[in-house]
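# Observations on chain architecture
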Amino acid sequence: MSTIHDFKVDDWLRRLLPGRCAFCLAACESTAPWCQACHLALPWNLPACPACAEPQPAGSRARRCGRCLQRAPAFDTARVPLRYEGELRGLMQGFKFQASPRAGSLMLALLEEALRDKPRPQALLAVPLHPRRARQRGFDQARWLAERLSARLDIPLVGAQRRRDTPSQRGLDRKRRRGNLRAAFRVETALPSEVALLDDVMTTGATLDALARACHQAGAERVEAWAVARTPLP
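Below you will find a few notes about this structure.

### With respect to the state of the cysteines
This model, assessed by the stated rule, comprises 0 disulfides. There is no disulfide at Cys35, and the cysteine sulfur nearest it, in Cys38, is 3.6 Å away. A relative accessible area of 9% places Cys35 in the buried class.

### Re the pattern of salt bridges
Applying the stated criterion across every chain yields a total of 9 salt bridges. We note a salt bridge from Glu224 to Arg79, for which the minimum N-O separation is 2.9 Å. Highlighted residues: Glu224 in strand E8 (residues 222–230) and Arg79 in strand E1 (residues 77–79), separated in sequence by 145 residues. By relative accessible area, Glu224 is classed as buried at 6%. Note that Glu188 is salt-bridged to Arg186, the shortest N-O span being 3.3 Å. In this structure Arg186 comes out as partly exposed when scored by relative accessible area, which is 36%. What you see here is one network of salt bridges that share partners, running through Arg71, Asp209 and Arg213.

### Side note on the nonpolar core
Counting 38 residues, the largest nonpolar core has Met92, Leu124, Leu145, Leu149, Leu198 and Trp226 as its most contacted members. Contributions of two or more residues to this core are made by helix H4 (86–98), helix H5 (101–115), strand E3 (123–126), helix H7 (141–153), strand E7 (194–202) and E8. Once you skip the residues sitting within four places of it in the chain, Leu198 turns out to touch Leu111, Leu124, Leu125, Ala126, Val127, Ala142, Leu145, Ala146, Leu149, Trp226 and Ala227. Grouped together as the second largest cluster of nonpolar side chains are 35 residues, Ala53, Val80, Leu181 and Ala206 included.

### Points about the packing of H4 against H5
Packed helix pairs are characterised by how far apart their axes lie and by the angle those axes make with each other. Where H4 contacts H5, the axes come no closer than 8 Å and their chain directions differ by 125°. Judged by the angle between their axes, H4 and H5 are oblique. Between H4 and H5 lies a crossing whose hand is left-handed. Where H4 abuts H5, its residues Leu88, Leu91, Met92, Gly94 and Phe95 lie against Ala103, Gly104, Leu106, Met107 and Leu110. Of the residues that constitute the contact of H4 with H5, the class distribution is 8 nonpolar, 2 polar and no charged.

### What about the packing of aromatic side chains?
Counting across every chain of the model gives 1 aromatic pair. Ring geometry for Phe95 and Trp144: centres 5.3 Å apart, planes at 65°, overall edge-to-face. On the criterion of sequence distance, the pair formed by Phe95 in helix H4 and Trp144 in helix H7 is long-range, its members being 49 residues apart. Side by side, Phe95 and Trp144 carry an identical accessibility label, which is buried.

### Quick notes on the pairing of E8
With respect to burial, E8 is a largely interior element, 8 of its 9 residues being buried. In the sheet, E1 pairs with E8 via 3 bridges, with the strands oriented parallel. Residue pairing across strands places Ala78 opposite Ala225, the latter belonging to E8. In terms of strand pairing, strand E2 (residues 82–83) meets E8 through 2 bridges, oriented parallel. Counterpart to Arg83 in the pairing with E8 is Arg230. Of the strand pairs in this sheet, E7 and E8 are connected by 8 bridges, and their pairing is parallel. Of the residues in E8, the one forming a bridge with Leu197 is Ala225.

### Quick notes on helix H9 (residues 206–217)
Between its first and last C-alpha, H9 extends 17 Å over 12 residues, near the 16 Å set by a 1.5 Å rise per residue. Summarising burial for H9: 9 of the 12 residues are buried, a large majority. Of all the residues in H9, the buried ones are Ala206, Thr207, Leu208, Asp209, Ala210, Leu211, Ala212, Ala214 and Cys215. Two residues or fewer past H9, Gly219 is found with a positive phi of approximately 110°.

### Some remarks on the environment of Ser193
With respect to the secondary-structure elements, Ser193 resides in the loop between strand E6 (185–186) and E7. Under the relative-accessibility criterion, Ser193 is labelled partly exposed at 27%. Note: C-alpha distance between Ser193 and Val223 (30 residues apart in sequence) is 8.3 Å. If sequence neighbours within four positions are ignored, Ser193 has contacts with Gln122, Gly219, Ala220, Glu221 and Arg222.

What counts, and where the lines are drawn
Residues take numbers from 1 onward in each chain, read along the sequence in its written order. Local features are withheld for residues below a pLDDT of 70 in this predicted model, meaning they are given only at 70 or higher, and side-chain atom pairs are given and counted only at 80 or more; totals for whole chains, interfaces and linings count all residues. Only heavy atoms go into the side-chain values, all of them from the structure, while hydrogens and water stay out. Pairs of cysteine sulfur atoms within 2.5 Å are identified as disulfides in what follows. Here's how the labels work: a residue is buried when its accessible area is under 20% of the maximum for its type, exposed when over 50%, partly exposed in between, all with a 1.4 Å probe on protein chains only. Salt bridges are defined by distance alone: a side-chain nitrogen of Lys or Arg within 4 Å of a carboxyl oxygen of Asp or Glu. A run of H or I in DSSP becomes a helix once it reaches four residues, and a run of E becomes a strand once it reaches two; helices and strands are each numbered from the N terminus. Residues enter a nonpolar core if they are buried and are Ala, Val, Leu, Ile, Met, Phe, Trp, Tyr or Cys, with the set joined through side-chain atoms within 4.5 Å. By the convention used here, residues are in contact when the closest approach between their heavy atoms is within 4.5 Å. Angles shown run from 0 to 180 degrees and are taken between the N-to-C directions of axes, each axis being a line fitted to C-alpha atoms and, for helices, limited to the stretch in contact. Throughout, the term roughly parallel applies to angles under 35 degrees, roughly antiparallel to angles over 145, roughly perpendicular to angles from 65 to 115, and oblique to all others. We call a crossing left-handed when the near helix sits turned anticlockwise from the far one by less than a right angle, and right-handed when that turn is clockwise. The residue classification treats Ala, Val, Leu, Ile, Met, Phe, Trp, Tyr, Cys and Pro as nonpolar and Asp, Glu, Lys and Arg as charged. All others, Gly included, are polar. For Phe, Tyr and Trp, where Trp contributes only its six-membered ring, two rings pair if their centres lie within 6.5 Å, and the inter-plane angle classes them as stacked under 30 degrees, edge-to-face over 60, or tilted in between. A pair of strands is treated as paired once DSSP finds two or more bridges between them. To estimate the expected span of a helix, subtract one from its residue number and multiply by 1.5 Å.

Structure representation (structure tokens):
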């Protein structure tokens with residue numbers, strides 16, 4: 001597989017080489033934008049905790065992790081197909097910090113594939129940025145993914161608001177992340193009974209947990225957490 005620089009292949013090259021793997025440019029045998037070898041080599045999040053999707057040791061049986069047994073998250077289950085490491089890290093950094101539509105399209109295709117045979121919720125919510133943070137970044141990666149996934153899966157997209165511009169979560173432990181996000185979100189629309197929340201990367205799950213609590217307050221009974229990748233925790 002390629003390095004991060006290979007994800008920046010110009011659009012003209014993509015048009016010039018239809019039917020080629022987006023990772024290594026080898027010929028694809030299917031309509032998917034990747035070859036079988038590159039697809040198998042991706043850092044799949046298996047096994048993982050069925051509640052929070054925290055990666056578990058290879059060869060073990062997927063069971064609820066100790067943290068979820070001690071304190072269950074506000075969402076019922078997490079569907080996060082990949083681990084945030086290796087080649088995927090480069091792909092996601094290109095999407096998040098450079099707004100690469102090529103990287104975003106690949107992430108969207110990988111997530112859509114992982115959700116293909118799963119039950120559909122009645123509404124989809126993207127983890128919102130605070131308006132000030134959105135203006136600073138100029139790009140809302142979760143919203144970008146949610147708008148396209150909503151159209152592809154035919155799931156209504158519902159908006160949520162970030163009530164305050166919380167400090168960065170980077171470097172905080174799980175407990176401080178939860179405190180940082182307490183009452184940070186609001187959902188003004190009455191929600192159906194089953195909804196899904198979408199973010200690009202899930203680290204500890206604190207952000208999705210806080211948004212899930214706001215969804216329950218808005219009427220949701222079952223909440224799923226969706227993300228493209230999960231950050232392995234020590």
